[in-house]
Amino acid sequence: MGEIRLPRHMFLWCLSAIYMFAFASLYVQIPGLYGNEGVLPARWQLRVSGKSVVEQLKDSPTLLWFGPRLGLDTQQCMELLSLTGALLSLMTLALPVLRDCRVFLVLWILYLSLYQVGQVFLYFQWDNLLLETGFLAILIAPMKMPWSTKERLHDNVTFWLARWLLFRLMFASGVVKLTSRCPTWWGLTALTYHYETQCIPTPLAWFAHQLPVWFQKLSVVGTFVIEIAVPFMFFSPIRRHRLVAFYMQVLIQVFIILSGNYNFFNILTITLCMSLLDDQHVNFWLRRYMPKTESTSLQTLCSWLAVVLEIGTYAVLGYWSVRYFDLQVDWENKSVSSRTGEAFDFVLFSSLVVHIWIGVLSLTWEVISAMFKCACVRGVLWRLWNTIQWAVMAAATVSMFAISLVSKLPVSIEFMYKPGNVSAAPPVVAPHQPRLDWQMWFAALGPHTQSPWFSSLLHRLLQGKRDVIRLIQTDESQYPFSKQPPAYLRAHRYKYWFSKPKEDGSYPQRWWRRVYVEEFYPMVHLGDSYLEQMLDQHGLKVRNKSAVESESVIKLGHILNVDNLRGEQTDLKSICRVF
């Protein structure tokens, strides 16, 4: 990776703009969402308990606890924090001197404070992504001191974290579409539904919806290639690989922006893409051409080898796309057919292992390269100062990388009886009645608040209670979290139908087909304020606090996806998240 001073400046500038949009957008909605007469009054999340400020901050880290000491109620304090964040980010946007790690720390604390009481209206993926990106910006941004220099030899190490986050975001976005076993993604027909079923489509979405089916299917293929295969090019030692990956990622984000209103999500993703650039390419955009130097015979040979590797990489991508998506062109009817092959299961499993080792090797290279740069600094004191900075930042980067490895991709948690795995045949269990499976069927007929027991089910699964787990799987080897319970759970509702025989009269490989409907239960964890509120509300709270705390040491992060039967079916899946 070459010099990244300009891409780093662009990254921090864009993040300042995103913070400004996020704070300003939330500010105008606070009275209606979180005011005393709003939809979900935030004061409910900050009940006076007689605890000290330190204990309150441990329970829920938010600056809103200081509101009463300033004579402000919760709504006024939220508005003050939002307005402060919007103005500070605007100043950071306009004044380069404010793009300092301490300023980004303040912005991150302000947004985290609002997130803690935001409840379901701040539980979106982009809110979590902004908090994670904002935390990385604290490491990436410089700490401007009178004696500091413009050149920081550890910048490539810390900026690598943004590239790793971008990889995890895009790779997981592609893989989760397939691991969900949704027939529209496996059948490559998802975009024939997407444009008209998204939350807030744009006018261009209407025109995109009218495109022919073969084009929509090819677009899904392109999405899978860009989200699953291309991210591995982020860590390629060949510079042009990273640039091609940059433009492909930006391309898909621009298409999403044109067809749907996803607030700052896509802009934030493009901001993370800045980690794939270097000063040379940014100077090319600015028409600042660097003077060319004469290359040696060895450099010429290496450049030719790089070209061969580039061509080979693109050839492999093309072959991979044709083979695993079974692309076939019908020249007579002027159409293209495609489908997702079953071999994709093996490809996904293999890629999960490969991506970890690629991350390890890439980060090791960046850390060692920065170490050698520090060793070459002239002057004992300057060399020592740069080495100390390198050691601190390298340790922080390795720690963040290690934490991110806790995150795994979706793992099914299959019930023994109710439909879930679309390939599993319906069982015959009468006269036995699996009562939990039956109640899952009824739960899907309405919101989870009409099924108070569901909150208790999630609570017991988070605690890893064996008796409850055996209601889902008597064979604990079939339960993915038999050794350690999941840390984060949420529930999704799906609609299920029986599959149909093939045109030739043969039986299909899957018994079921399903479509995602909506989120059934928001993401929760042990001690989560929303989960605690639901348990309290229905008298299901365990009073023995010490017993609960003894069960609450959890290392793996997972999200529980639940769908329900009646045409709306529950299928337990977990997707790890890193915070």
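Please read all numbers here as calculations on a predicted model, not as lab measurements.

**Observations concerning helix α12 (residues 239-259)**
Phase 1: End to end, α12 covers 31 Å across 21 residues, agreeing with the expected 30 Å (1.5 Å per residue, within 8%).
Phase 2: Taken together, the buried positions of α12 are H241, R242, L243, A245, F246, Q249, V250, I252, Q253 and S259.

**With respect to the UniProt feature "transmembrane region" (unreviewed entry) in the chain**
Phase 1: Following the UniProt record, the feature "transmembrane region" (unreviewed entry) maps to residues 12-30, 80-98, 105-123, 218-238, 250-277, 297-322, 343-368 and 388-406 here.
Phase 2: Along residues 105-123 the backbone is 68% helical and 0% strand, and the end-to-end C-alpha distance reaches 21 Å.

**A closer look at the environment of W65**
Phase 1: Mapped onto the secondary structure, W65 falls in the loop between α3 (53-59) and α4 (74-94).
Phase 2: The spatial distance from the C-alpha of W65 to the C-alpha of V54 is 9.9 Å, given a sequence separation of 11 residues.
Phase 3: Among residues more than four places away in sequence, those in contact with W65 are L46, R47, Q56, L57 and S60.

**Examining the nonpolar core**
Here is a general trend for soluble globular proteins: nonpolar side chains tend to be buried in one another's company.
Phase 1: Core analysis: the largest hydrophobic core is formed by 106 residues, its most contacted members being F11, Y19, F104, Y111 and L130.
Phase 2: By residue number, the principal contributor to this core is helix α7 (residues 155-179), which donates 14 residues.
Phase 3: When near neighbours in sequence (up to four residues on either side) are disregarded, F11 contacts T133, A137, I140, F159, A162, T271, L272 and M274.
Phase 4: Grouped together as the second largest cluster of nonpolar side chains are 25 residues, A443, L458, L461 and Y530 included.

**Comments concerning the packing of aromatic side chains**
Phase 1: Evaluation of the coordinates by the stated rule reveals 35 aromatic pairs.
Phase 2: Both rings, one in Y34 and one in F121, keep their centres 6.5 Å apart while their planes meet at 80 degrees; by these two values the pair is edge-to-face. Of the two residues, Y34 sits in helix α2 (residues 30-34) while F121 sits in the loop between α5 (101-117) and α6 (125-140), which places them 87 residues apart along the sequence.
Phase 3: When its relative accessible area of 1% is taken as the criterion, Y34 is described as buried.
Phase 4: A relative accessible area of 31% means that F121 is categorised as partly exposed.
Phase 5: On the numbers, 5.6 Å between centres and 70 degrees between planes, the contact of W453 with F454 is edge-to-face.
Phase 6: An aromatic cluster of three or more residues is present, and its members are W160, W164, F167, F171, F232, F234, F235 and F401.
Phase 7: Above the plane of the ring of W185 lies K177, whose end atom (NZ or CZ) is 5.2 Å from the centre.
Phase 8: The side chain of R514 reaches across the aromatic face of Y494, ending 4.0 Å from its centre.

**Quick notes on the pattern of salt bridges**
Phase 1: All chains considered together, the criterion is met by 8 salt bridges.
Phase 2: The partner of R8 in a salt bridge is D155, and the shortest N-O contact between them spans 3.3 Å. One end of the pair, R8, is in helix α1 (residues 5-27); the other, D155, is in helix α7, and 147 residues separate them in sequence. For the pair formed by R8 and D155, the shared burial category is buried.

**Considerations on helix α17 (residues 380-404)**
Phase 1: The terminal C-alpha atoms of α17 lie 36 Å apart, and with 25 residues this matches the ideal 36 Å at 1.5 Å per residue to within 8%.
Phase 2: Taken together, the buried positions of α17 are occupied by N386, W390, M393, A394, T397, F401 and S404.

**What about the pairing of strand β4 (residues 489-498)?**
Phase 1: For β4, the buried fraction is high: 7 of the 10 residues fall into the buried class.
Phase 2: Sheet topology note: the β4/strand β5 (residues 512-524) ladder contains 9 bridges and is antiparallel. Bridge pairing in β5 places Y494 opposite Y516.

Reading the values: the criteria
Residues numbered from 1 in each chain as written. Predicted model: local features only at pLDDT ≥ 70, side-chain atom pairs only at ≥ 80, totals over all residues. Heavy atoms only, no water. Helix = DSSP H or I, 4+ residues; strand = E, 2+ residues; numbered from the N terminus. Expected span 1.5 Å × (residues − 1). Buried < 20%, exposed > 50% of the residue type's maximum accessible area, 1.4 Å probe, protein only. UniProt positions renumbered as here; feature names shortened; annotations may be inferred. Contact = heavy atoms within 4.5 Å. Core = buried A, V, L, I, M, F, W, Y, C linked by side-chain atoms within 4.5 Å. Phe/Tyr/Trp six-rings, centres within 6.5 Å; stacked < 30°, edge-to-face > 60°. Lys NZ or Arg CZ within 6 Å of the ring centre and 35° of its normal. Salt bridge = Lys/Arg side-chain N within 4 Å of Asp/Glu carboxyl O. Pairing = 2+ DSSP bridges.

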